[in-house]
Each structure stands twice: as structure tokens, then as C-alpha cells.
Amino acid sequence: MFNDLQTLCLVIVLAPLAGALLAGLGGGILGRAGAHTVTILGVLVATICSFVVFKQVIVDGMPPADFTVYEWLSSGNFSLQVGFLIDPLTVTMMSVVTFVSLMIHVYTIGYMHDDPGYTRFFSYISLFTFAMLMLVMANNFMQLFFGWEAVGVVSYLLIGFWYQRESAIFANLKAFLVNRVGDFGFLIGIAAVLMYFNSLDYADVFAGAPDLAGQQITLYGTEVWSVMTFICICLFIGAMGKSAQVPLHVWLPDSMEGPTPISALIHAATMVTAGIFMVARMSPLFEFSETALNFVMFIGAVTALFMGLLGLVQNDIKRVIAYSTLSQLGYMTVALGASAYAAAIFHLATHAFFKALLFLAAGSVIIGMHHEQDMRKMGGLYRYMPVTWICCFLGTLALIGFPGTSGFFSKDMIIEAVHLSTLPAAGFAYWSLVIGVIVTALYSFRLFFMTFHGSERMDRDTWEHIHESPAVVWVPLCALAIPSIFIGLFLVGPMLFENYFAGSILVQEQHNVLATLGEDYHGPWGLIVHSFTSPMILLCMATGIFLAWIGYLKQPDLPGKLAGWLKWPYRVLVNKYGFDAFNQIIFAGGARKLGALLWQIGDVKLIDGLVVNGTALTVRWFSGVIRHLQTGYLYHYAFAMIIGLVFLLVFFVHRIGFAGLTP
Amino acid sequence: MLIELQMILPEIVLMSMACALLVFDAFIPSERRHLTYLLAQLALLVTAVLVVASFPQITEYAFNRTFVDDPMSGAVKAFILVITLFIFFYSHDYLKEHGILKGEYFVLGLFAVLGMMIMASAGSLLTIYLGLELLSLCLYAMVAMHRDSPPASEAAMKYFVLGALASGLLLYGISIIYGISGTLDLQEINNYILYNSERLPMLVYGLVFIIVAIAFKLGAVPFHMWIPDVYQGAPTSVTLFISSAPKIAAFAMTIRFVNDAFMHLTPEWQGILIILSILSMAMGNIIAIAQSNIKRMLAYSTIAHIGFLLLGIISSQSVSATGVTGFADALFYVVTYALMSIGAFGFVILMGRKGHEADELDDYKGLADKNPWFALIMLIFMFSLAGVPPFVGFWAKWFVLKEIVATGLAPLAVIAVVFSIIGAYYYLRVVKLMYFDKPVSMTAIKATQTMRAVISLNGLAILLLGVSPGLLMTFCIEVMKL
């Protein structure tokens, strides 16, 4: 029944699920060590199997496989199935997800060491791995949606992991609600797909896309849209929620309330990239709507630049990285809009490594500082935490795209691709990204200098206890630092310019910017040399680093003065452009007021009072009355039967006519 | 002749073993009564094996066409035998616990099963009547078995008198049909109706009597009056029996009448059944709300479910439209209903102990605290009866509703859904009592391991069929290709 690949795929998704169930339900019996052993074992098995599949597909060149393992139900020509689509895009995501997840599982042993919710935490992160794998391996929209919602649920559970904290509960509710907005769009998109393609299978939908390219849909009144644009924008709204694009980004910084491994696993490396992955997966649809691509690119560019700026004024170490994540997600989204899907996925992969690295390094610092997250109370840590310091430095280099690091290849390629794009939004996007490079370098080195260099600003008590983190913490750091630096070197050629994503991503001729780029491609070293010969990006980066050096090492009082001179822009940034306040007052406040109104008038009086209780009372009253028909007297019963008989006789024989009633 | 005998081999074996058991039981001391029980189970098992082994692929007739052997009869017999196996499991425990473990229960049960099998295979009006009377007489005696219990005796008396009345109506209807057509053979009656449409009024006159008798057997309003009293008064093991297997047999009997004999009177019997169906769903669901005794509540729930089952029979007209006969939905419905019903009544047995029938709703308060596993099993039964996915009760309703809509009777489907929602109230109330109320007493469940295992199996079967309803539905469609 199952061939090798099917078994392997089932093992990949089920191993983490088994680990999650064992740790979650049997955590009390297994104990702490037992819980982390089973979950790590499950994820390890999944990682190894993923690598095996990766080798089969990428190295051995196995053709894409699309198969159904279980049919849940079918109704007419519509069926809900669990199935896997194994192609280069999928295996890339599988490998990244399982590897990062494995590192974080190991790291968690050290980070969560003293936490009472230890086993629960392991169960959640394994469950998350399962859900994420279901999402990336899906071969139909239903399963995609299942994985999409499942990662959302786990994310909700994990942001509120420390559920005694008021702020954690607020943050997870916020994440949940904002994601709901995105998911609503996503669901409409899926419904539209079902309506127009009459199927939820990727294969059917993608095959039918070219035929539908010209079709129109009337939204309201006389507003006419292309069907493809409508579907793509709805799907992208889902991606905006999950991948935290403006204006649905507000939940991500708050999600840092969760434990740091979660910030690394879910809110930097994997879950937030689900939206990017989804759009890349749907490239056969997006390619037929330039409007949607423009929209995607514009949103991405806004996110990339303006969210990066916010990172400049944050003092919480994790929040700076969170805003950096937003900004990097913006880069990926711009790449999607420029039809450089491969570049987006490439940046997604490299970003997963170096951002997980940065988060874990931040986590290591937080452990060393005894759960102090304010950078103003750090400084000079390089003396006490050398391993963390080096790892963080490497991660920072990768993030700003220093020539030769993996971040350099992926980010530069995005900027070049956008430069070549002919879409109307490309000009704006290009300059946003270039300015974004300065901003990235500035906030990255601001974080690095404030934490590890400069004067030691922590109080004496903390200072006495600063220590390097244990091996379970720094080993994953080193394991992540290696791909953060080198993976770009090996993957840039194959992934972007060779036929790596054969068949899994569709790019139309007129959008194919990567092919144009590929004409001038002469290997990774050529790219490094090129960055020095036409050094605009490099100069931008150097400017950023220089500013950070001036402001946070040389003249530490300068930023404060600057903030004093530029009061108004500074306040805009500190208030995060007012998104939070706006949402809080208009949406949250308004919804609560409206809710209270409807509750008072609609619910309590009308629905509860009249409809629900009224109906219930009526039914109960009626029930109480007619139960008395059941008198218990035999002759009443017999009488009822005879009455019934006579009634039926009269009614039915009458319809035909009594006249014929002769023997 | 030999082939004809082979065809009724299961019936012959069952009858012989039941007779032997009757004699055997008279000679063994009462402390070894469980032997009777084991032998009765063996008889069922052997018969079931014979039925399955000689499962008919085509329709064959025996004994001058008084006996029919077709896929439907084979399936119905197999279902009845399996359900009765479960019933005997539950009953044995109950009878032992309450000190009324007598061989008669099992012997009567076997004869009742024989009657049901004959009903399922009836090819003439007379065979139907024979089977029905054999079944009914056994049931009357079973209800009265607990002689010292006044409610049981009262219930038996009511059941007997009303049953006799229904029997009389049936005979009257049969005699009218015979008087007009001059035959007892179902197929010949069918042909007669086709070529003698001028006799329609008289035929309908006879038909009404027959349908009324069927309605009594099934328990459709307004011929349902016996059900609450008998269900509540009879020992739970008997209630369990009456509420499940005979419903499947009654379904088979209905198909024999309406499809084999009265196919050309379809508009007429459909009209009658629509009225009965709406009344049953309405009365059953609404009166159930006012009950505080769970056996009585389940009795009204039976009535409501019968209404739904009738919908399945009514929708037989969609044969040409979808290629699936509505009868298949009805078979699916009645089989899964029997499975849920024995589960629910079996649960009442499970909760009870000597001198205490756990048949008040208050007995279920706080069960989840005392015994979470069995609370979960009961939750499965209740959700399934209410029609909540993913349990099989949902699919049963779904298939019936789908066919009803396909038949073009959408308003009927709306009525069915509305009453299902009203009905959900009293099922969910049980769940609420189990999970959200404080226990009244902390007495633990005192049931044997077998009982626990069988009822868990029963619950899981409902869940399994709910996850893949196709298993059973494909079979139902296969056997109902009439």
C-alpha cells in the first residue's frame, strides 16, 4: 500500500506528533527527562528523514511526487484528503523547519531548565513542528488551512505560555485576533478557489489557472475585478496576518512575551515564514495577476523599511530582533512581489538560520543576565560570555548582509531582483530596501554594541552572577552559526540560477527577473567581488555600522540629544506609528462598545429573553402540557390508535373518493 | 426441496437450538444458569455464521414463494443477530445483578430472533404475520418476566392488549387485500395493483390498516402510546431488546410491504408515512424534554428517531435520481440507531446495581468526576443520538436528509432539522449533568469486566463508523439494490 517515499513522509509528520502526544499526555509519567527525550527523538527522526527526502529530490533528481495517503470524506466531486506534495520547494522547507526545530529542542533543555511547565513546553514545540510540516507538505488547500490554523493555535498557546502574566495573556489574545483577520481573508480566498476551480487540489487548481486568467468577478455594485486578482489578494491577506506584514504586523513584537526558544522557533524562523512559503507555493496563481504582485511588493516594501526604523528606538533586546524580523519578512515579501520567488525562499532559509541564532544568542544573554531584557542595563558582556558574543557577532554580520555571509547573498539578490522588476511598485520598493540596508546595519550594531561593548551598566548583584551559558545552550548556537555564515555560499548558485525549483515554482517570461540576473552570474565569488566594485549597498551598510559606532560606543550621549532635537519624529517611532493605539481605541474599544450595546439590547433582551429563553420556555411548557396525553390509561391509548386510524382512513381514502369503496 | 431446506437452514438451526435449550434449561440447577446464557450466545453465533456463509447474491424463492432469500434479508438477519449478541451480553449482567437470571429470557429471545428472521424473509402476507406474531408473543412474555414488579406487569398488560389490537388491524388489512386480489403473494399483489387501478379506493383502505399496524410495531405517533410505559416498566434488559433488534425487523417488514407489495401505491403510503413521520419527530422530541427518567426519555427519543427512519423510507423515490435508493439510508439509519440504543440502555445497566435501577437523570450527575472514561462513552452515545459529528448518528441523519432533499421534499428536511435541534437539548442535558454537575452520591460503578469491555467497544464502534461511515454505507447500498 505504501511505497518508500510515502512511509518516509508519514514518519516525518507523525514522529513529532507522537513525541508531542507522549510528552503532553504522559508528561506526568515520563517526567522531565523522559519528555525531552521522546520529543527530541521524534524531531530527530523527522530531521533525518527530511534530509533523506531532501537528498532524493535535490541530489538524485527524483521527480516531484504528489499522493494522497488518506481520504477523509468525499461528497460529490469534492473531497477532503490528507496528501503530500514532495517537490524541491517542499523539501527545502521541511529541512529548514526540522533542523531549526531540532536545535531549539536541544536549546530548550537549558533555557527552560527551572520552569514548572517544562513537559508542556516540549509537547507544544513538537506539536508545532508537526503542524508546520503538515502545512508545508500539503498537496491541497484544506490541509494547508489545517496546518495554517494549527500553527496559529500552538503559537497562541506558546505566547501565553506563562499564563500567569497579564501581559502574556494580552499578547496572545492580540496575536490570535490579528491572525483571525488574516485568516478570514485566507478562508475567503480558499472558498473562491473552490468556487472557481471546483477543486482544492493544488494540481487541479494550478492546471486550471491559465484558463481563468481572463475571467472577471463582480464584487459589489459595478466593481469588476479579475478573478485571479481577487483570489490572490485574499490569499495574501492571510499571508499578511501570519507573516506579520503592515498593517497586520502588530502582534509580532508583543509575541516576544513567550519564552525565547519560541520567539526563535515560531516567531522568527518558521511560522512567520508560512505566509512567504504559501505565496511561493501559489506562484502559478499570483503570476496571473500583476495587480496582486504590485500589492504584495508595496506591502512588503513598507514593512521592510518602516518596521526596521522602529527597531532603532526599542530597548528590549528581544523586541529589537522582533522588529528586525518584521523588516526581513518585508524583504521576502518584496521578492515575492518581484516574482523572484526563489530569492524569497532563499532568504527565508538563510534568515531562519541567522535569526534563530540571534534569538538564541539573545536568550543566552537573558539567561546570563538573570532574565533582564533591557539593553540599557547591559554592556561589556563580551568579557563574560565569549561564545555568545562571537555567535551573536556572526549572526549580526549575516543579518546586515556582510559580503560572504549567507545573508549577503540572499538579501543582495532580492535588491538586485527588485531593481530589474518592471512593475510600477518596483521603484518605491527598491529605494525602501536600499535605505533599509542602512537601517538594518544601524539597529543590528546598536544592539550588538549596547549588549556586548561599552560600559557595564548592570547593577552589582547581577554583575556578580554573569556567566557563560551551559553547553546545551551554546552548542545549538554554534550549530546555527555555521549555516548562518556558509549556507549562502553553497546554495546561492543552485537555488537561484540553476533549475533548483524545477516545476514547483512558476514564473512567467515577462516577470522572470532572476533569469536576467542569472545572465551575469559568475559564481558566489563573482557576487562578492561585484559588491566591492559597485559598492552602493556596501556603503549603505558601512554608513549604518559607522552611525552605530558613533552613537553607541564613541558618543553614548548623542542618541539622547538627537531624540531631544527631533522630538516629533522620535515620538512617532516610539509610538510605533500609532498602530497599537489606533487598534486599541478604534477596533478593540469600538468592538467592545458595540459588543456591550448588542449584548445589552440584542442579546440579553431580544435573543436571550425573547428568542432563546422564550422558545425554550414555550417548548418546555408545551412539553409539560402534552405529556399529559400520556395518561397511563389503556383505553386512552387504544382510543388514540383508533382515532389515528380513522383520521388516516378518511384523509387518504377521501382523496381518491369514497365512491369507489365497493368490494 | 433440498435446496429450499438449505435456504432456511439458519432458521432451522436456530429453532432447533432454541428448543433444545428450553429442555436443557429445565434440567440444570439454577446456580449453573450461565450455561444457558453461553449456549444461547452459541446459538446466535452459529446462526450468524450460517447466515454470512450462505449470504444470498440474488433473489431466490422457496416454499411456493412464501419465503424470500435476497441480499436485504441476509443483511437484516446478520445485523439482528449481531445486535442480539450485544444485547445478551448486557442482559446477562443485568439479570444476574437483579436476581432474575432465568433461562426463559434467553430462550424467548432466541424465538423472538427467529420471528424477526422470518419477517425479514417473508414472501407472503401470511409469513409476515407469522413472524410478527412469534416476535410479539415473545416480547410480551419478556416484558412480564419480572413477575414481582408491578410496573413490569402493568407494562406487559398494556403492551399485550394494544399489540393484540394492532394485530387485529393488521389481519383486517391483510384480509381486505386478500379479498380484493385473491392472493397472499406479495409479488402477485403488486401485479394485481398494476393492472387493476379501478380498485384503488379499496386497496388504499386495506393499505391504511396495514400501515397502522407497521406504525404500531415501529412506534410512530399516534400509535406510540405503548412505548414510554413499556420501556420504563420493563426490566432494562428487555427494554434494551425491544428498542433495538425488533426495529430492524420492523424496517424489513415495512420494506416487504411498501416495496414488494405496494410499489404501485407509492403516493398513498408515502403520504401516510409523511404525516406519521412529522408527528413522531415533533411529539418524540418535545415530550422527551419533560422527562426525568432516562428510560422514558430514551423511549421518546426512539419515537423521534422512528420519525427520521420513516423519512428514509419515504425518500425511496430518489432511486432514479442518484442511483442510490432511499431504503439504503433507512437501513443505515435503523442499524446505527439500534447500535446507539443498545449502547444507551446498556449504559443504564452499567450504572445500576442490585435494588437500584440507575434510570433517573440525577443518577448521572457528576459522572465525569467519578469515572471519566465511562462518562466519555456515554457522551459518545448522547452526541451520536443527537446527531453531532464525528459520530455515526450525524451521518445517519445526513444521508437521510440528503435523500429527502433529492426526492424534492426539502420542507420535510427543514422540519426534521428543526426537531433535531430541539431534540439535541435533552441529549446534551445528560452530558451537562455528567460533566458540570456535582455528584449526588459517590457510589462507584460496579460492573463486570466483560460489561465494561463490551460497552467501551460499543462506544468505539460508534466513533469508528462516524469516522468512516463508508464502511457500512457501501454495504447498505449494495444490499438494498432492489
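Model, not experiment: these values are computed from the prediction.

Turning next to the overall build of chain A. A count of helices and strands for chain A gives 27 helices and four strands. A buried classification covers 57% of the 663 residues belonging to chain A. Nonlocal contacts in chain A, meaning residues at least 24 apart in sequence, comprise 79% of its contacts between residues at least 6 apart. Entry remark: accessible area of chain A is about 27,100 Å², with carbon and sulfur atoms responsible for 69%.

Summing up its helical and strand segments, chain B has 22 helices and two strands in all. Residues counted as buried form 65% of the 482 residues belonging to chain B. Taking the contacts inside chain B whose residues are at least 6 apart along the sequence as the reference set, 79% of them involve residues at least 24 apart.

Let us now look at the interface of chain A and chain B. With 34 residues of chain A at the contact, the number on the chain B side is 42 residues. In total, about 3,200 Å² of surface goes out of reach between chain A and chain B, with carbon and sulfur atoms giving 78% of it. Our count for the contact surface shared by chain A and chain B stands at zero salt bridges. Our enumeration of links across chain A and chain B arrives at two residue pairs in polar contact (both at pLDDT 80 or more). When residues of the side of chain A that touches chain B are traced back to their parent elements, those giving at least two are strand 1 (65-75), helix 26 (579-626) and helix 27 (634-656) of chain A. Considering every element that reaches the side of chain A that touches chain B, the biggest residue donor is helix 27 of chain A, with 16 residues. Across the side of chain A that touches chain B, the residue classes break down as 23 nonpolar, eight polar and three charged.

Time to look at the nonpolar core. Among the nonpolar cores identified, the biggest contains 221 residues, and A:F84, A:I86, A:M137, A:F141, A:M282, A:L285 and A:F286 are the most heavily contacted of them. In terms of residue count, helix 15 (residues 341-368) of chain A provides more of this core than any other element does, 21 residues in total. The next biggest cluster of nonpolar side chains, apart from the first, holds 207 residues, and it includes B:A48, B:W269, B:A299 and B:I342.

All names here are of chain B. Spanning 19 residues, helix 9 (residues 200-218) covers 26 Å between terminal C-alpha atoms, matching the ideal 27 Å at 1.5 Å per step. With 18 of its 19 residues buried, helix 9 lies for the most part within the structure. Of the residues flanking the end of helix 9, it is G219, one or two places downstream, whose phi is positive at about 95 degrees.

Turning next to the packing of aromatic side chains. All names here are of chain A. Summed over the entire model, instances satisfying the criterion amount to 50 aromatic pairs over all chains. With 5.3 Å between their ring centres and 40 degrees between their planes, F393 and F448 make a pair best called tilted. Within this pair, whereas F393 is found in helix 16 (residues 386-400), its partner F448 is found in helix 18 (residues 426-452), the two being separated by 55 residues in sequence. What makes F393 partly exposed here is its relative accessible area of 32%.

Examined against the element boundaries, B:R452 turns out to sit in helix 21 (residues 449-467). Aside from chain neighbours lying at most four places away, what touches B:R452 is B:L350, B:F374, B:I445 and B:A447.

A few words on unusual backbone geometry. The step from A:V246 to A:P247 runs through a cis peptide bond, and the omega angle for that step is 5 degrees. Residue position: A:P247 is located in the loop between helix 8 (227-242) and helix 9 (251-254). Of the consecutive residues B:P389 and B:P390, the connecting peptide bond is found in the cis state with omega at 10 degrees. The phi torsion at A:Y577 lies on the positive side, around 60 degrees, for a residue other than glycine.

Residue and element names in this part refer to chain A. Given a rise of 1.5 Å per residue, 21 residues ought to cover 30 Å, and the 31 Å separating the end C-alpha atoms of helix 14 (residues 317-337) matches this to within 8%. When you tally the buried positions in helix 14, you get 21 out of 21 residues, the bulk of the element. Its side-chain oxygen placed 2.8 Å from the backbone nitrogen of K318, D316 serves as the N-cap of helix 14. In the segment just after helix 14, S339 is the residue with positive phi, at about 65 degrees.

So, on to the environment of A:G614. By the secondary structure assignment, A:G614 is in helix 26. Discounting residues that sit within four places of it in the chain, A:G614 has contacts with A:D608 and A:G609.

A pair of packed helices is captured by two measures, namely the crossing angle of their axes and the spacing between those axes. All names here are of chain A. Viewed as axis vectors pointing N to C, helix 16 and helix 17 (residues 406-420) meet at an angle of 15 degrees, and their least axial separation amounts to 6 Å. With respect to helix 17, the axis of helix 16 lies roughly parallel. Between helix 16 and helix 17 lies a crossing of right-handed hand. For the pair helix 16 and helix 17, the contacting residues are A398, L399 and I400 in the first and S406, G407, F408 and K411 in the second. Partitioned by chemical class, the residues of the contact of helix 16 with helix 17 number four nonpolar, two polar and one charged.

Quick look at a nonpolar patch on the surface now. Side chains of A:L606, A:I607, A:L610, A:V611 and A:V612 sit close together on the surface and give an oily, nonpolar patch of about 440 Å² of accessible area. Topologically, A:L606 is positioned in helix 26.

Turning our eyes to something else, we now look at the state of the cysteines. Residue and element names in this part refer to chain A. For the structure on display, the rule yields zero disulfides over all chains. C232 provides the cysteine sulfur closest to C234, a residue in no disulfide bond, and the two sulfurs are 9.4 Å apart. Judged by its relative accessible area of 9%, C234 falls in the buried class. Sulfur of C392: no disulfide; nearest cysteine sulfur belongs to C391 and is 8.6 Å away. Overall, the relative accessible area of 4% leaves C392 in the buried class.

As a working rule, side chains carrying opposite charge can pair if their charged atoms are close by. Tallying each qualifying case throughout the model produces 22 salt bridges over all chains. Two residues, B:D25 and B:R33, come together in a salt bridge whose shortest N-O distance is 3.1 Å. Where salt bridges share partners, they join A:K174, A:D254, A:R319, A:K576 and A:D580 into one cluster.

Residues and elements named next belong to chain A. Tracing the sequence through the fold places N140 in the loop between helix 4 (118-137) and helix 5 (141-159). At a separation of 3.2 Å, a polar atom in the side chain of N140 contacts the main-chain carbonyl oxygen of Q81. Here the side chain of N140 touches M142 through a polar contact of 3.1 Å, landing on its backbone nitrogen. With residues near it in sequence (within four places) discarded, N140 still touches Q81, G83, L200, D201 and Y202.

Residues and elements named next belong to chain B. Looking at chain B as a whole, the pLDDT averages 90, with 98% of positions reaching at least 70. Segment residues 318-323 is flagged for pLDDT under 50; beyond a separation of four residues in sequence, or across chains, it makes nine contacts in the model. Model confidence for the complex: the whole-complex pTM is 0.67, and ipTM, which rates the interface, is 0.88.

Residues and elements named next belong to chain A. Relative to the helices and strands, A239 resides in helix 8. The class for A239 is buried, based on a relative accessible area of 2%. Placed 33 residues apart in sequence, A239 and V272 show a C-alpha to C-alpha distance of 8.7 Å. Aside from chain neighbours lying at most four places away, what touches A239 is W148, A244, G275, M278 and V279.

What counts as what
Residues numbered from 1 in each chain as written. Chains lettered and ligands numbered in written order. Predicted model: local features only at pLDDT ≥ 70, side-chain atom pairs only at ≥ 80, totals over all residues. Heavy atoms only, no water. Helix = DSSP H or I, 4+ residues; strand = E, 2+ residues; numbered from the N terminus. Buried < 20%, exposed > 50% of the residue type's maximum accessible area, 1.4 Å probe, protein only. Contact = heavy atoms within 4.5 Å. Areas by Shrake-Rupley, 256 points an atom, 1.4 Å probe, with all protein chains shown as cover. Buried area = accessible area lost by both parts, 1.4 Å probe. Salt bridge = Lys/Arg side-chain N within 4 Å of Asp/Glu carboxyl O. Polar contact = N/O pair within 3.5 Å; in protein donor to acceptor, adjacent residues only side chain to side chain. Nonpolar A, V, L, I, M, F, W, Y, C, P; charged D, E, K, R; others polar. Core = buried A, V, L, I, M, F, W, Y, C linked by side-chain atoms within 4.5 Å. Expected span 1.5 Å × (residues − 1). Phe/Tyr/Trp six-rings, centres within 6.5 Å; stacked < 30°, edge-to-face > 60°. Axes fitted to C-alpha atoms, helices over the stretch in contact; angles between N-to-C directions. Parallel < 35°, antiparallel > 145°, perpendicular 65-115°, else oblique. Left-handed = near helix turned anticlockwise from the far one by under 90°. Patch = residues over 30% accessible without salt bridge, like charges linked within 9 Å, V, L, I, M, F, W, Y side chains within 5 Å. Disulfide = S-S within 2.5 Å. pLDDT = per-residue confidence, 0-100.

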